[in-house]
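Below, each chain spelled out in residue letters.
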Amino acid sequence: MKRALLVGLLVLGWVGSAVPASSTTASVSSPSIAPAQENATTDSDATDLPPGVNESGITDPLALVEAHQRTLENVSYTLSTSMTYRRPNGTLVGQGYTVTQVAPGANSYYAVSTQTVENDTRWFVGERYDLAVWANETDSVSARKVPDEETTYHWTSRERAGFEPTSQWELLYAAFGDGGGEVVGQVERDGTTLTKIVSTPSDEETPVRLQYTFTVLVDSQGVVHSMQTLHRTIFEDRPVVVSRTIQVSEMGNTTVERPAWYQRAVENKTTSEGGRT
């Protein structure tokens, strides 16, 4: 039961670091997810602002998020995320990292994750899991590594995999939903002009647990190239502060390859009831 709960959190957001697609295990190297490098700053009154944004800030959150999704819908890209849970006093509860390679139309993807939970939390007792998931339009295979145990391989249908890279965009709705966000300037990164938007104070009536502090870099097509958020929520009946970073890179230059351990996972094919065939 403990492992099932943990894997559930992995695919919902406690995920990630990178490993070569040809690796035969889910062993994960140390993550390297850093804030976007800003090469230059220009005035915020430049042209080509993203959809749903004017010189002041976000005016139409839905238009901005839909532009992000629409632009990435038919292009390959790499999505890197990190997440950290801490108590208000700074005590680490858990952290995770993931790197996901996504094919055009999300017809296939390859995600590699690592996650640790600290300080004897009620469910997980300070364990680390490494997880790799590859999927095409119909199938999904996974490789999971627990410390001091051999890697386990698994096959299931994609619809039962419990993970979709596009589900990450729900965070954009959560952060932009109240329309808060101020344009503070524009920066150049790899020859692309990005609009920098930072959160503005939430309405006093908004519960603290629903308030997001964010910084985003968005291109003129609406693609959020990087986003850093901070918000409070409840975990194990106690408050935690959740910090998260999302980066989109290698647009149009990402290749999704089937892992070398694919056949071993297929041999562990499950029935629709969840048992081994």
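Not measured: the values here are computed from a predicted model.

## Observations concerning unusual backbone geometry
Okay, so step 1: In this model, A106 sits at a positive phi of 55°, which is unusual for a non-glycine residue.
Okay, so step 2: Within the secondary structure layout, A106 lies in the loop between β3 (92–102) and β4 (109–117).
Okay, so step 3: With a phi close to 50°, E250 is a non-glycine residue in the positive phi region.
Okay, so step 4: Turning to its location among the elements, E250 is positioned in the loop between β12 (238–249) and α4 (262–266).

## Describing the packing of aromatic side chains
Okay, so step 1: A full pass over the atoms with the stated rule returns five aromatic pairs.
Okay, so step 2: Between F176 and F214 the ring centres are 5.2 Å apart and the planes differ by 70°, which places this aromatic pair in the edge-to-face class. Taken together, the positions of F176 in helix α3 (residues 170–176) and F214 in strand β10 (residues 212–218) put the pair 38 residues apart, joining distant regions of the chain.
Okay, so step 3: Look at F214 and you get buried, because its relative accessible area is 2%.
Okay, so step 4: Lying across the ring of Y262, R258 places its NZ or CZ 4.1 Å from the centre.

## Some points on helix α2 (residues 61–72)
Okay, so step 1: Taking 1.5 Å per residue, twelve residues should reach 16 Å; α2 reaches 17 Å between its end C-alpha atoms and fits that length.
Okay, so step 2: Of the residues making up α2, those classed as buried are P61, L64, V65, A67, H68 and L72. Seen along its axis, α2 keeps its buried residues to an arc of 155°; they face one direction.
Okay, so step 3: Contact partners of the buried residues in α2: β2 (77–86), α3, β10, β11 (224–235) and β12.

Thresholds, definitions, all that
Residues numbered from 1 in each chain as written. Predicted model: local features only at pLDDT ≥ 70, side-chain atom pairs only at ≥ 80, totals over all residues. Heavy atoms only, no water. Helix = DSSP H or I, 4+ residues; strand = E, 2+ residues; numbered from the N terminus. Phe/Tyr/Trp six-rings, centres within 6.5 Å; stacked < 30°, edge-to-face > 60°. Buried < 20%, exposed > 50% of the residue type's maximum accessible area, 1.4 Å probe, protein only. Lys NZ or Arg CZ within 6 Å of the ring centre and 35° of its normal. Expected span 1.5 Å × (residues − 1). Arc of directions from axis to C-beta. Contact = heavy atoms within 4.5 Å.

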